[in-house]
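One-letter residues, chain by chain:
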Amino acid sequence: METKKTLREGYTTGSCATAATKAALTALITGQVQAEATIRIPIGRVVTFSLASCSFDGETATASVVKDGGDDPDATHGALIVSTVSWASSPGVHIDGSEGVGRVTKPGLPVPVGEAAINPVPRQMIREAVNEVLAQYGLHRGVKVVISVPGGEEIAKKTLNPRLGIIGGISILGTRGIVVPFSTAAYRASIVQALQVAKANGCRHVVITTGGRSEKYAMQEYPHLPEEAFIEMGDFVGFTLKQCKRLGIKMVSMVGMMGKFSKVAQGVMMVHSKSAPVDFGFLAAIAEQAGAGPELVAAVRGANTAAQVGDMMQEAGCMKFFELLCEACCQAALHEVGGGLTVATSIYTMNGQQLGKAVQTDGDDEVDRCGC
């Protein structure tokens, strides 16, 4: 019997930056090249990192660690995280970013506008590592730490950083110190962060999409909205809707395609392909309500995929089906969050044809199918 493979954990960019900083400061103090660095990560583990490089010239010292993301599909896996350390003229630990580390240009992030995109937990980790080394050698001096990531600007194009207003490179991240493979927590955190940026930039209307293709169509549908208003929620429909309500966003437009939105319409709020099957009986009932004849209703009930149902209804010219499906999505979304929002739903084909749309405000007796 085949044994299920255990996925390997990795380490965050914050952990790598901390290890590189500890090695660089140790080299600066001792004048000795370091081969490894041992740090304590936020979850309490003590981890030893091998260094990719370590050098010093009397004034500064530089060390680097290759980011190992484990078995997680991480854009920063294999990136070189570099820390350059020097003595500062003022007390304390002064942390900044250089090449390949992004800089924050929009409010709503945990780092103030204008600062390097090194998040609070990694900053604290770096400070603690510096203070530990200083205490070890009985020193009381100010220390300047500059984190860089060669090639980080190119890597950042594969992340949400440009959308979040983080320009010029990647972020130094991590609240636990480790990367959990295929972590839903990481994706959820990125949704929350994107929504916080949208709110901080004055967006009272956001558009949540299931992926890049649906986001493209959403941007064409809502050209008046700023880029920050568009949030890729992936499969996390219910979670995203609840975060929208929690943050006080008033209008939420959902944009997607038949497969996942057929699940949303029936009240399924985690729409991964393995989360729940499409209920073809439910779709058949909507087809009947839309005026489809008995043969078409039976065909819908026996279909293989939601996309196939969409094709059937298009071919039959029964476009009311899609309006009713959008209406069901709006109602399910409002039920999920307990009301308090205006919700719109738009369903598209893979090639960008809008099949239907509905808009509903909690308490409305009528659904606006022409959109707003």
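Since we're looking at a predicted model, the values are computed, not measured. (Residues numbered from 1 in each chain as written. Predicted model: local features only at pLDDT ≥ 70, side-chain atom pairs only at ≥ 80, totals over all residues. Heavy atoms only, no water.)

### Describing the sheet that holds strand β7 (residues 93–97)
Taken in spatial order, the 5 strands line up as β4-β5-β6-β10-β7 in an open sheet, and their pairing is mixed. Both outer strands of the open sheet, β4 (53–56) and β7, are each paired with one neighbouring strand and no more. Strand after strand, the sheet turns through a mean of 15° between neighbouring axes, direction not considered. Pairing geometry for strand β5 (residues 60–66) and strand β6 (residues 80–88), over 7 bridges, is antiparallel. Following the sheet pairing, T60 is matched in β6 by S86. Its contacts with the sheet put helix α1 (residues 13–30) on β4, β5, β6 and β10 (142–148), and the angle it makes with β6 is roughly 40°. Here helix α2 (residues 120–136) sits on the sheet in contact with β6, β7 and β10, set at roughly 135° to β7. (Pairing = 2+ DSSP bridges. Helix = DSSP H or I, 4+ residues; strand = E, 2+ residues; numbered from the N terminus. Axes fitted to C-alpha atoms, helices over the stretch in contact; angles between N-to-C directions. Contact = heavy atoms within 4.5 Å.)

### A few points about the environment of R188
Mapped onto the fold, R188 is located in helix α5 (residues 184–200). Separated by 46 residues in sequence, R188 and G234 place their C-alpha atoms 9.5 Å apart. If we ignore the near neighbours within four places in the chain, the residues touching R188 are F236 and F239.

### Let's talk about the nonpolar core
Counting residues in each nonpolar core, the largest one holds 79 residues, and the members touching the most others are V206, L241, M254, M258, V309, M313 and F321. Top contributing element to this core by residue count: helix α12 (residues 320–337), with 12 residues. With residues up to four places along the chain from it excluded, the contact list for M313 reads A287, A292, L296, V300, C318, F321 and F322. If you look at the next biggest cluster of nonpolar residues, it comprises 41 residues, including F49, I147, V149 and I155. (Core = buried A, V, L, I, M, F, W, Y, C linked by side-chain atoms within 4.5 Å. Buried < 20%, exposed > 50% of the residue type's maximum accessible area, 1.4 Å probe, protein only.)

### Here's the deal with the pattern of salt bridges
A complete count under the given rule lists 12 salt bridges for this structure. The salt bridge involving R163 is made with E215; its shortest N-O contact spans 2.9 Å. One end of the pair, R163, is in helix α4 (residues 161–164); the other, E215, is in helix α6 (residues 212–221), and 52 residues separate them in sequence. Look at E215 and you get buried, because its relative accessible area is 8%. For K357, the salt bridge identified is with E221, shortest N-O distance 2.9 Å. Within this pair, whereas K357 is found in strand β18 (residues 354–361), its partner E221 is found in helix α6, the two being separated by 136 residues in sequence. Both residues of the pair, K357 and E221, count as buried. The network of salt bridges with shared partners includes R163, E215 and E227. (Salt bridge = Lys/Arg side-chain N within 4 Å of Asp/Glu carboxyl O.)

### Description of the pairing of strand β3 (residues 46–50)
Residues of β3 alternate between two faces, with V47 and F49 buried on one and V46, T48 and S50 left unburied on the opposite face. Across 5 bridges, the pairing between strand β2 (residues 36–40) and β3 is antiparallel. Note that in β3 the partner of T38 across the bridge is T48. In textbook terms, the turn of a hairpin is the stretch between consecutive antiparallel strands, and for β2 and β3 this stretch comprises 5 residues, one of which, G44, has a positive phi near 100°.

### Concerning the environment of Y137
On the secondary structure map, Y137 appears in the loop between α2 and β10. We classify Y137 as partly exposed; its relative accessible area is 34%. If near-sequence neighbours (up to four positions away) are discounted, Y137 is found in contact with T26, I29 and T30.

### Some thoughts on the confidence of the model for the chain
Of the residues in the chain, 94% reach a pLDDT of 70 or more, and the chain-wide mean stands at 91. Every residue in residues 365–372 is under pLDDT 50, and counting partners more than four places away or in other chains gives 18 contacts. (pLDDT = per-residue confidence, 0-100.)

### Some remarks on helix α11 (residues 306–315)
Inspection of α11 places A306, V309, G310, M312 and M313 among the buried residues, and these make up the whole buried set. With its buried residues spanning 160° around the axis, α11 presents them on a single face. Those residues of α11 that are buried lie in contact with α8 (258–265), α9 (280–289), α10 (294–301) and α12. At the C-terminal side of α11, G317 shows a positive phi close to 70°. (Arc of directions from axis to C-beta.)

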